[in-house]
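Here are the chains, one letter per residue:
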Amino acid sequence: MIDKSVASADAAVADIPDGAAIMVGGFGPAGQPYALLDALIRHRPRELTLISNNAGNGDTGLAALLQAGCVRKVVCSFPRQTDSWVFDELYRRGELELELIPQGNLAARIQAAGAGLGGFYTPTGYGTQLAEGKETREIDGRQYVFELPLKADFALIKAEKADRWGNLLYDKTGRNFGPIMAMAAGCTIVEVNRMVPLGELDPENIITPGIFVQRLVTSPERPAQLSA
């Protein structure tokens, strides 16, 4: 019997080693897997590469992971916001490395990894510092930059519903990066609000098929994670 449920968030992240590359879903608070991040902080791996949309808000979630000293490098689109003081402080002290990627390129690079592609050409970033050291070429009279796929050892994502096989549904904007990150990681760990019996999810509505999911942890949604 296939059942990908894990007893606790701590058990789900217990084998994430020092130096791992991890993708974390979410767009700000929407869709961020807080319980998994809290468990990862308790586990305290070091020298992680964090791939996410931003570099944390306030003092919880991603920001708390940075504050705990677990992360060496951040790969994201929006590192600095009005409430990104944890990232700001660590970066200014030279304790964090940053790779800045335009959001469309970030999503496309993750998608390329999930689809097994060797990369793609994009006009975004051409002629800027973001294109330094990268292959460029002219296609149909326009200049493009070649971007490599972006993959991770683990993906930590949040879903609204799941069955024991790992088929997932998301809540509105909580969907954001979760589906593509699940396809681009060696091991996808999902924090889910509600487990439902096998067969209850309409196959036509499933967003992430269970083939891309390895572990499930049930964790009721907290108010800070409500999506718009």
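In the nomenclature of an unreviewed UniProt entry, the protein chain corresponds to 3-oxoadipate CoA-transferase subunit A from the organism Serratia ficaria. Annotation of the protein chain in UniProt includes, under Sequence similarities (unreviewed entry), the sentence "Belongs to the 3-oxoacid CoA-transferase subunit A family."

Participant: Looking at this structure, how should I read the environment of valine 71?
Facilitator: Take valine 71: it is sitting in strand S3 (residues 71-76). The buried category is assigned to valine 71, whose relative accessible area is 6%. Between the C-alpha atoms of valine 71 and aspartate 163, which are 92 residues apart in sequence, the distance is 32 Å. Excluding residues within four positions of it along the chain, valine 71 makes contact with Leu48, Leu50, Leu65, Leu66, Glu95 and Leu96.

Participant: Sorry, what's going on with the nonpolar core here?
Facilitator: Counting residues in hydrophobic clusters, the biggest one holds 34 residues, and the most contacted among them are Ile16, Ile22, Leu66, Val71, Leu156 and Ile189. Once you skip the residues sitting within four places of it in the chain, leucine 66 turns out to touch Leu50, Ala55, Val71, Val74, Val86, Phe87, Leu90 and Leu96. The next biggest cluster of nonpolar side chains, apart from the first, holds 27 residues, and it includes Ile110, Ala113, Ala152 and Ala184.

Conventions adopted
- Residues numbered from 1 in each chain as written.
- Predicted model: local features only at pLDDT ≥ 70, side-chain atom pairs only at ≥ 80, totals over all residues.
- Heavy atoms only, no water.
- UniProt positions renumbered as here; feature names shortened; annotations may be inferred.
- Helix = DSSP H or I, 4+ residues; strand = E, 2+ residues; numbered from the N terminus.
- Buried < 20%, exposed > 50% of the residue type's maximum accessible area, 1.4 Å probe, protein only.
- Contact = heavy atoms within 4.5 Å.
- Core = buried A, V, L, I, M, F, W, Y, C linked by side-chain atoms within 4.5 Å.

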